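Here are the chains, one letter per residue:
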There are 2 protein chains.
Amino acid sequence: MKLNLKTALSGPLLELEQTLLNKSNLIESWFRNQWQKHKPPFYSSCDLRNSGFKITPVDTNLFPGGFNNISQQFLPMCIQAITIAVERCCPTAQKILLIPENHTRNQFYLQNIWQLKNIFVLAGFEIRLGTLNPEITETTKIELNDGKNLILEPIFYDEQTQTIKIQNDPDFEPCCVILNNDLSAGVPEILQQSFAKINKNKQKILPPIQAGWTTRRKSKHFQAYDLVVQDFANFIGIDGWRINPAFGSCKSVNFHERQGEECLTHNVAVVLERIKQKYKEYGVSEKPYVVVKADAGTYGMGIMTISDASEIVGLNRKQRNKMSVVKEGLEVSEVIIQEGVHTIETINDFAAEPVVYMIDKFIAGAFYRINDKKGKDENLNAPGMFFEPFAFANNINNDDKEIPNRFYSYGVIARLAALAAAVELEN
Amino acid sequence: MKLNLKTALSGPLLELEQTLLNKSNLIESWFRNQWQKHKPPFYSSCDLRNSGFKITPVDTNLFPGGFNNISQQFLPMCIQAITIAVERCCPTAQKILLIPENHTRNQFYLQNIWQLKNIFVLAGFEIRLGTLNPEITETTKIELNDGKNLILEPIFYDEQTQTIKIQNDPDFEPCCVILNNDLSAGVPEILQQSFAKINKNKQKILPPIQAGWTTRRKSKHFQAYDLVVQDFANFIGIDGWRINPAFGSCKSVNFHERQGEECLTHNVAVVLERIKQKYKEYGVSEKPYVVVKADAGTYGMGIMTISDASEIVGLNRKQRNKMSVVKEGLEVSEVIIQEGVHTIETINDFAAEPVVYMIDKFIAGAFYRINDKKGKDENLNAPGMFFEPFAFANNINNDDKEIPNRFYSYGVIARLAALAAAVELEN
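**Points about the relation of the copies chain A and chain B**
- Structural alignment of chain A on chain B gives an RMSD of 0.0 Å, achieved by rotating through 180° and translating 0.0 Å along the axis. Those values place the two copies in the arrangement expected of a two-fold rotation axis. Identified as the residue of chain A closest to the rotation axis by C-alpha distance is A:Met77, at 2.8 Å.
- In this assembly the copies share their binding face: 100% of the residues contributing to the interface of chain A also contribute to that of chain B.

Following this line, the structure appears as C-alpha cells:
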C-alpha cells in the first residue's frame with residue numbers, strides 16, 4: 001500500500017526514502033509473499049525514528065492504546081481491516097468481548113477504547129466491554145469528558161461452555177475475546193482458565209496472551225526483526241543497518257542493588273562501538289548513544305539514554321530508582337540496550353516521531369508523538385508529549401513522482417516490525 | 001460495514017431503511033457467512049432504485065466503468081480491497097495486465113481506466129494496459145483532456161508459456177489479467193486461447209470471461225438474486241418483494257420482424273399483475289410499470305418503459321428500431337421484463353439513482369446518476385445524465401442513532417446483488 005500522508009518533514013527525499021520508493025513494487029510483492037507465510041498480529045503500533053541516514057522501529061506495541069489519535073480519514077480503512085482481522089479467528093463472528101486496561105480514570109485511554117469499540121460497531125459487530133478490574137463488580141458506566149460513555153461489565157469463566165462471558169448476561173456468547181490489555185500485571189485467572197482450554201473451545205483470545213508483557217520481551221522482538229530485516233535487505237539490496245537498530249540485552253539486572261552492572265556496561269560498550277563503526281562508514285557526525293530500557297513493559301517508563309559505558313556505574317540513586325520500576329509497579333530485572341536513533345522530524349521546532357498503527361496486515365493510521373520538553377535524541381514518550389494525526393497528502397489520488405510520498409518508508413518499516421511481531425509470536 | 005454516506009434524501013428514515021439498520025448486526029454476520037460460501041466478484045457496480053416502499057438493484061455490472069466518479073475519500077479503501085481481490089488469484093502477484101474496452105475516444109471511460117490503474121499502482125502492483133483493439137498495432141499513448149495519459153499496448157497469446165503477454169515486451173509476465181471489457185462484441189481469440197488452458201496455466205483472467213455479455217444474461221442474474229433474497233429475507237424476517245424487482249424473460253424476440261410479441265405481451269402482463277397485487281397489499285398508489293430491456297448488454301441501450309401490455313403490439317417503427325440494437329451494434333433477441341421501481345431520490349429536483357461500487361466483498365464507493373431530462377420512472381442511463389459522488393457523512397465517526405445512516409440500506413442491497421453475481425458465476 002502506497003498511502004501518501006503529509007509528513008512534517010519537507011525538502012528533497014533522503015536517499016534511503018528514495019531507494020524504498022524506487023523499489024516499492026518489489027517491496028509490496030515481498031510483503032504479500034511474507035503475509036502468506038506469517039499470520040499478522042491482530043493489531044499493532046510501531047514507534048519509528050527517522051535520523052535521515054536510518055529509519056527504524058524503536059518499539060512495537062501489540063496492544064495499541066492510541067486509536068483516538070488517528071485521523072478520522074482512516075476510519076473506513078480501519079473498519080475494513082478489523083473485519084478481516086476478526087474473520088481470521090471466527091469467520092462468521094457476530095459477538096465480540098473487548099477487554100481494556102484496568103485504569104478507568106485515564107481519559108486518553110478511555111477515548112482510545114471508545115474509538116476502538118466504534119470501529120467494531122461500524123464493522124457490524126455486537127461488542128461489549130468486559131473488565132478484569134477486581135474493583136468493578138457491577139455493570140459500570142464510565143463517563144467520558146466529551147459526554148460519551150463506556151459500559152464496563154465484569155466477566156467470568158464459564159466452566160461448562162469453557163468460554164469467557166459477561167457476569168450479568170451469560171447468554172451473550174462472544175466468539176472472540178479481543179485484548180487491549182497488555183497483561184503487565186500478569187495473566188489474570190480468567191484468562192489462564194480460558195488459555196488452558198484454548199485448543200478445545202471455539203472462543204479465541206486475540207492477541208494471544210503470550211503477546212502480553214508477562215511473557216513478551218523486546219529483545220525477542222528485535223531478534224525476530226533482525227531475521228526479517230536480513231531477508232528484506234538482501235531482497236531489495238540495502239544495508240540492513242539502515243533500517244535496524246543494534247541492540248544487546250541483560251537478563252538479571254537489579255538497579256537498586258547495582259546487580260548486573262557488568263553486563264550492562266559491556267553491552268552498552270558493544271552497541272556504542274557498533275554505532276561508531278557504522279557512523280564512520282557512512283560519514284555520520286552525530287554523537288552515538290544507546291537507550292537502556294526495561295525488556296518487558298511499556299508506557300515510556302524505565303528508560304534512560306547513555307552515550308558512554310562508564311555512565312552505568314555512575315548512576316545516582318534517583319536514576320537507579322527511575323530505572324527500577326515500570327507500569328503496575330513491576331520490578332525491572334531484564335533490560336534491553338538499544339542503539340539510539342535521533343529524530344529529524346520536528347513540529348513547531350519540537351522533536352517528533354511517527355507512530356504507525358496497523359490492524360492485521362493493513363496500515364490503519366498514524367500520528368506524530370511530539371514532546372515540547374525533550375530533544376531529538378531523547379525518549380519522547382514522557383511528560384510533555386502530545387499527538388498530531390497524519391492526514392492524507394493532497395496528492396492521495398496521484399502517484400505523481402514530483403510530489404514525493406514520504407510516508408511510504410514509514411509504512412514499510414512499520415510493516416517490517418509487524419512482520420517481526422508475527423515471527424516473534426510464532427516462536 | 002456500516003459506512004455512513006451523505007444521501008440526497010432527507011427526512012425521517014423510511015420503515016424499510018429502519019428495519020435494515022435495526023438488524024444490521026445480524027445482517028453483517030449473515031454477509032460474513034455468505035462470503036465464506038461464495039467467492040465475491042472481482043469488482044462490480046450496482047444501479048439501485050429506492051421508491052420509498054422498496055429498494056432494489058435494477059442492474060449489476062461486472063465490468064464497472066465509473067471509478068472516476070467515486071469520491072477520492074474512498075481511494076484508501078479501494079487500495080485495500082484491490083489488494084485482497086488480487087490476492088485471491090495470485091497471492092504474490094506483482095505484474096498485472098489490465099484490458100480496457102476498445103473505445104479510445106470516450107474521455108469519461110479513459111478517466112475510469114486511469115483511476116482504476118491508479119488504484120493498482122497505489123496498491124503496489126506493476127500494471128500495464130493491454131488492448132484488444134485491432135486498430136492499435138503499436139504501443140500507443142492516449143492523451144486525456146486533463147493532461148494525464150494512458151499507454152495502450154497490443155497483446156498476444158504466447159503458445160509456449162500459455163499466457164497473455166505484451167507484444168513489445170514479452171518479458172513482462174502478468175500473473176493476472178484483469179478485464180474491464182464486457183466482451184459485448186464476443187470473446188476475442190486471444191482470450192479464448194487463454195481460456196482453453198485456464199486450468200493448466202498460472203495466469204488467471206478476472207472477472208472470468210463467462211462474466212462478459214457474450215454469455216451473461218440479466219435474467220440469470222436476477223434468478224440468482226431471487227435465491228439470495230429468499231434466504232436473506234427469511235433470515236431477517238422481511239417480505240422479499242421489498243428488495244426484489246419481479247421479472248420475466250423472453251428468449252427469441254425480433255423487434256424488427258415483430259417476432260416474439262406474444263411472449264413479451266404475456267410477460268409484461270404477468271409482471272404488471274404481480275406489481276398491482278403488491279401495490280394493493282401495501283397501499284401504494286403509484287402507477288405500476290415495467291422496464292423491457294435487452295437480456296445481455298449495457299450502456300443504457302435497448303430499454304423501454306411500459307405500463308400496459310397492449311403497448312407491445314402497438315410499438316412504432318422508431319421504437320422497434322431503438323429496441324433492436326445494443327452496444328457494438330448487436331441484435332437483441334433475448335429480453336428481460338423487469339418490474340419498474342421509481343426513484344424518490346432527487347438532486348436539484350432532477351431524478352437520481354444511487355450507483356454503488358464494490359471491489360471484492362467491500363464497498364468501494366458510490367455516486368448518484370442524475371438525469372436532467374428524465375423522470376423518476378424513466379431510465380436515467382441516457383443522454384442528459386451526470387454524476388455526483390457520495391461523500392462520507394459528517395458523522396462517519398459516530399454510530400449515533402440520531403443521525404441516521406441512510407446509506408446503509410443501499411450498501412446492503414448492493415452487496416446482495418454482488419452475492420447474486422457470485423452465485424450466478426458459479427452456475
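**As for the confidence of the model for chain A**
All names here are of chain A.
- A residue-level look at chain A finds 95% of positions with pLDDT of 70 or above and a mean pLDDT of 90.
- Looking over chain A, one finds the lowest element-wise mean pLDDT in strand S13 (residues 325-326), namely 72, and the highest in helix H6 (residues 218-236), namely 97.
- Segment residues 395-401: pLDDT under 50, and 15 contacts once partners within four positions in sequence are set aside and those in other chains are kept.
- Reported confidence for the predicted complex is 0.82 by ipTM and 0.89 by pTM.

**Some points on the sheet that holds strand S10 (residues 247-250) of chain B**
Residue and element names in this part refer to chain B.
- Spatial ordering of the open sheet is given by S10-S15-S11-S12, a layout of four strands whose pairing is antiparallel. Sheet topology places S10 and strand S12 (303-306) at the edges, where each strand pairs with a single neighbour. Neighbouring strand axes in the sheet, compared pairwise and without regard to direction, differ in orientation by 20° on average.
- In this sheet, strand S15 (residues 335-339) lies alongside strand S11 (residues 290-294) in antiparallel orientation, the contact comprising five bridges. Paired with Val291 across the strands is Gln338, a residue of S15.
- Across the face of the sheet, helix H6 (residues 218-236) comes into contact with S10, S11 and S15 while running at roughly 150° to S10.

**A word on the state of the cysteines**
- Evaluation of the coordinates by the stated rule reveals six disulfides over all chains.
- Disulfide pairing is shown between A:Cys250 and A:Cys263; the S-S distance is 2.1 Å. Since a negative S-S torsion denotes a left-handed disulfide, the A:Cys250-A:Cys263 link at about -100° is left-handed. Placement of A:Cys250 in strand S10 (residues 247-250) and of A:Cys263 in helix H7 (residues 261-282) is noted, with a sequence separation of 13 residues between them.
- Relative accessible area serves as the criterion here: at 29%, A:Cys263 is assigned to the partly exposed category.
- The disulfide partner of B:Cys90 is B:Cys175, and the gap between their sulfur atoms is 2.1 Å. With B:Cys90 in the loop between helix H3 (75-89) and strand S3 (95-100) and B:Cys175 in the loop between strand S7 (163-166) and strand S8 (176-180), this residue pair connects regions lying 85 residues apart in the sequence.
- Disulfide partners in chain A, listed by the sequence order of the bonded cysteines, are 1-4, 2-3, 5-6.
- We note that A:Cys46 lacks a disulfide partner, and the nearest cysteine sulfur, in A:Cys78, lies 16 Å from it.
- Residue classification places A:Cys46 among the buried residues on the basis of a relative accessible area of 2%.
- Unpaired in this structure, A:Cys78 has its nearest cysteine sulfur neighbour in B:Cys78, at a distance of 16 Å.
- Looking at A:Cys78, the relative accessible area reads 2%, which means it is buried.

**Here we look at the interface of chain A and chain B**
- Residue-level contacts link 40 residues of chain A with 40 residues of chain B.
- Interface area, chain A with chain B, both sides summed: about 3700 Å², of which 55% is carbon and sulfur.
- A salt bridge links B:Glu87 to A:Lys361; the shortest N-O distance between them is 2.6 Å.
- Inspection of the chain A/chain B interface yields eight residue pairs in polar contact (both at pLDDT 80 or more).
- Elements supplying a minimum of two residues to the side of chain A that touches chain B: helix H2 (24-37), helix H3 (75-89), helix H4 (107-122) and strand S18 (362-371) of chain A.
- A class-by-class count of the residues in the side of chain A that touches chain B yields 20 nonpolar, 13 polar and seven charged.

**A look at H6(A)**
Residue and element names in this part refer to chain A.
- In this model, H6 (19 residues) spans 26 Å end to end at C-alpha, consistent with the 27 Å of a helix rising 1.5 Å per residue.
- Buried residues of H6: Lys218, Ser219, His221, Phe222, Ala224, Tyr225, Val228, Val229, Phe232, Ala233 and Ile236, and no others.
- The first or second residue beyond H6 is Gly237, which carries a positive phi of 75°.

**Quick notes on helix H5 (residues 189-196) of chain B**
Residues and elements named next belong to chain B.
- Inspection of H5 places Ile190, Leu191 and Ser194 among the buried residues, and these make up the whole buried set. Along the long axis of H5, the arc covered by the buried residues comes to 95°, so they all point the same way. With respect to the buried face of H5, the exposed residues turned more than 90 degrees away are Glu189 and Ala196.

**Digging into the pairing of strand S5 (residues 140-143) of chain A**
Residues and elements named next belong to chain A.
- As judged from the four bridges shared by S5 and strand S6 (residues 149-158), these two strands associate in the antiparallel manner. Directly across from Lys141, in S6, lies its bridge partner Ile151.
- In sequence, S5 turns back onto S6 through a hairpin of five residues, with Gly147 there showing a positive phi of about 95°.

**What to know about the nonpolar core**
- Of all hydrophobic cores here, the largest spans 190 residues; its most connected members are A:Phe120, A:Leu416, B:Phe120 and B:Leu416.
- B:Phe120 has contacts with B:Phe42, B:Ile82, B:Val86, B:Ile96, B:Phe125, B:Ile127 and B:Ile178, leaving out every residue within four places of it along the chain.

**Here's the deal with the pattern of salt bridges**
- Scanning all chains against the criterion turns up 44 salt bridges over all chains.
- Between A:Arg369 and A:Asp47 there is a salt bridge, with its nearest N and O atoms 3.1 Å apart. Pair noted here: A:Arg369 is in strand S18 and A:Asp47 is in strand S1 (residues 43-50), with a separation of 322 residues, a long-range link.
- For A:Asp47, a relative accessible area of 10% corresponds to the buried category.
- Residue B:Arg369 pairs with B:Glu353 through a salt bridge whose shortest N-O separation is 2.7 Å. Taken together, the residues B:Arg369 in strand S18 (residues 362-371) and B:Glu353 in strand S17 (residues 350-359) connect sequence positions 16 residues apart.
- The network of salt bridges with common partners includes A:Asp47, A:Arg49, A:Glu353 and A:Arg369.

**Focus on the packing of helix H2 (residues 24-37) of chain B against H6(B)**
All names here are of chain B.
- Between H2 and H6, the least distance of the axes is 11 Å, while the angle of their chain directions is 145°. Crossing handedness for the pair H2 and H6: right-handed. From H2, Leu26, Ile27, Trp30 and Gln34 reach across to H6, where they touch Val228, Asp231, Phe232, Phe235 and Ile236.

Rules and cut-offs
- Residues numbered from 1 in each chain as written.
- Chains lettered and ligands numbered in written order.
- Predicted model: local features only at pLDDT ≥ 70, side-chain atom pairs only at ≥ 80, totals over all residues.
- Heavy atoms only, no water.
- Least-squares fit on C-alpha atoms with pLDDT ≥ 70 in both.
- Contact = heavy atoms within 4.5 Å.
- pLDDT = per-residue confidence, 0-100.
- Helix = DSSP H or I, 4+ residues; strand = E, 2+ residues; numbered from the N terminus.
- Pairing = 2+ DSSP bridges.
- Axes fitted to C-alpha atoms, helices over the stretch in contact; angles between N-to-C directions.
- Disulfide = S-S within 2.5 Å.
- Buried < 20%, exposed > 50% of the residue type's maximum accessible area, 1.4 Å probe, protein only.
- Buried area = accessible area lost by both parts, 1.4 Å probe.
- Salt bridge = Lys/Arg side-chain N within 4 Å of Asp/Glu carboxyl O.
- Polar contact = N/O pair within 3.5 Å; in protein donor to acceptor, adjacent residues only side chain to side chain.
- Nonpolar A, V, L, I, M, F, W, Y, C, P; charged D, E, K, R; others polar.
- Expected span 1.5 Å × (residues − 1).
- Arc of directions from axis to C-beta.
- Core = buried A, V, L, I, M, F, W, Y, C linked by side-chain atoms within 4.5 Å.
- Left-handed = near helix turned anticlockwise from the far one by under 90°.

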